[in-house]
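Understanding the architecture of this molecule
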Amino acid sequence: MSQTAPPATPGKAPEIPDERLLRTSPLRKLMGRPELGSVVGALAVFVFFSVFADAFLQTSSLATVLYAASTLGIMAVPVALLMIGGEFDLSAGVMVTSSALISSMFSYQMTANVWVGAMVSLLVTLGLGAFNGFMLTRTKLPSFIITLGTFLMLTGLNLGLTKLISGTVSTKSIGDMEGFTSARKVFAEFAVGGTTIKATIVWWFVLIALATWILLRTRFGNWIFAVGGGADAARAVGVPVNRTKIFLYMSVAFAAWVSGQHLLFSFDVVQSGEGVGNELTYIIAAVIGGCLITGGYGSAIGSAVGALIFGMTSKGIVYAEWNPDWFKFFLGAMLLLATLLNAWVRKRAEATT
């Protein structure tokens, strides 16, 4: 039986209910989540390799997949926030190597505790992130140009300074230096009850939780979405656009420092040419996770799912005993499919609101 609206009082406009008070169905909320498409894709990839790779479901294999996802996911989380803010960072991959090189060479050359080198590396790496943000906001050039320039400069510095100081393309071993054991537990791996746990997994989960809280529960999170949706409009309503973008670049730099220390304290030496090309993988993980290239839309959880898809695919191909040369093909196919699926989900969500 249909309900009719109560008659309007003569001389008084009928009341229009506040749309913010209307109940939204759980299904509609789910359809509006930016990571929905990536979750569907992750389930499909998991089922696929569970069928075609016998070793995929073994505990050791899943642990390896999770570790591979975490090494990428640490960077994918802040890169996703930066993309939500409407910008890119093409220097993120080599910045990871730069942070490891600075920490290693400073500790070795100064014969200092490795924690001193790590702290110096943190300050320098944060400075690199601030430089990217400052140049972007001051010059008004596209982030593609600014960070491409930083990428090229860091690539040259990594190789040139390493050869100048160490005489080779790799750093000297610091495995016997003071503080290495404790730093290895923080950045590489540690034991709990006889089980070895990769530190990157813990860092990854912490960054996911922190980034999600910032995006959904803080005013700064609102600023990130506003800046990505339209910087001029955000500035008009009082959002500190420049400060927000600089902070986002510094958050990418912090994650690069964490990843760089993991690289160093896992192997105690660093190759100066590493990291080139990884910046595209970080962006791919964020896009697969639901971030839009145009900014203003995405989530930290989605980037984590994108990193998990990457981990499952890279290791699943190995467990299935396929030729690893096909990995790039699968990664590209997933990027296209995930982008199309995310676009469809977003249109459906907008149509139901």
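Our subject is the structure that appears above.
Predicted model only: the values in this text are computed from it and were never measured. (Residues numbered from 1 in each chain as written. Predicted model: local features only at pLDDT ≥ 70, side-chain atom pairs only at ≥ 80, totals over all residues. Heavy atoms only, no water.)

1. Brief notes about the overall build of the protein
A tally of helices and strands in the protein yields 14 helices and two strands. A buried classification covers 46% of the 353 residues belonging to the protein. Sequence separation of 24 or more characterises 75% of the internal contacts of the protein that already satisfy a separation of 6 or more. Summing over all exposed atoms, the protein offers an accessible surface of approximately 18300 Å²; the carbon and sulfur share of this is 67%. (Helix = DSSP H or I, 4+ residues; strand = E, 2+ residues; numbered from the N terminus. Buried < 20%, exposed > 50% of the residue type's maximum accessible area, 1.4 Å probe, protein only. Contact = heavy atoms within 4.5 Å. Areas by Shrake-Rupley, 256 points an atom, 1.4 Å probe, with all protein chains shown as cover.)

2. Describing helix H11 (residues 241-267)
Look at H11: 40 Å from first C-alpha to last across 27 residues, which is about the 39 Å you get at 1.5 Å a residue. Counted residue by residue, H11 has 19 buried out of 27 residues, so it is predominantly covered. Note on H11: the residue one or two positions beyond its end, aspartate 268, has a positive phi of about 65°. (Expected span 1.5 Å × (residues − 1).)

3. What to know about the pairing of strand E2 (residues 195-198)
In this sheet, E2 lies alongside strand E1 (residues 189-192) in antiparallel orientation, the contact comprising four bridges. What sits directly across from glutamate 189, in E2, is lysine 198. Two successive antiparallel strands, E1 and E2, enclose a turn made up of two residues, where glycine 193 displays a positive phi of approximately 60°. (Pairing = 2+ DSSP bridges.)

4. Considering the environment of asparagine 132
Among the structural elements, asparagine 132 can be located in helix H5 (residues 114-139). Judged by relative accessible area, asparagine 132 falls into the buried class, the value being 0%. Considering only alpha carbons, one finds asparagine 132 and tyrosine 249, 117 residues apart in sequence, at a separation of 6.7 Å. Those residues in contact with asparagine 132 that lie beyond four places of it in its chain are Asp89, Ser91, Met95, Ile146, Thr147, Thr150 and Tyr249.

5. Here we look at helix H2 (residues 36-52)
Compared with an ideal rise of 1.5 Å per residue, which puts 17 residues at 24 Å, H2 spans 25 Å between its outermost C-alpha atoms and is within 8% of the ideal. Those residues of H2 not exposed but buried are Leu36, Gly37, Ser38, Ala42, Val45 and Phe49.

6. Some thoughts on the nonpolar core
Residues Met75, Trp204, Ile224, Phe265 and Ile309 are the most contacted members of the largest nonpolar core, which totals 85 residues. Here this core takes 13 residues from helix H3 (residues 59-84), the largest share from any one element. (Core = buried A, V, L, I, M, F, W, Y, C linked by side-chain atoms within 4.5 Å.)

7. Focus: the side chain of glutamate 87
With respect to the secondary-structure elements, glutamate 87 resides in the loop between H3 and helix H4 (92-109). Of note is the side chain of glutamate 87, whose polar atom sits 2.6 Å from the side chain of lysine 245. Not counting residues within four places of it along the chain, the set of residues in contact with glutamate 87 comprises Leu82, Leu136, Ser143, Lys245 and Tyr249. (Polar contact = N/O pair within 3.5 Å; in protein donor to acceptor, adjacent residues only side chain to side chain.)

Everything listed is a geometric property; what it means functionally is a separate question.
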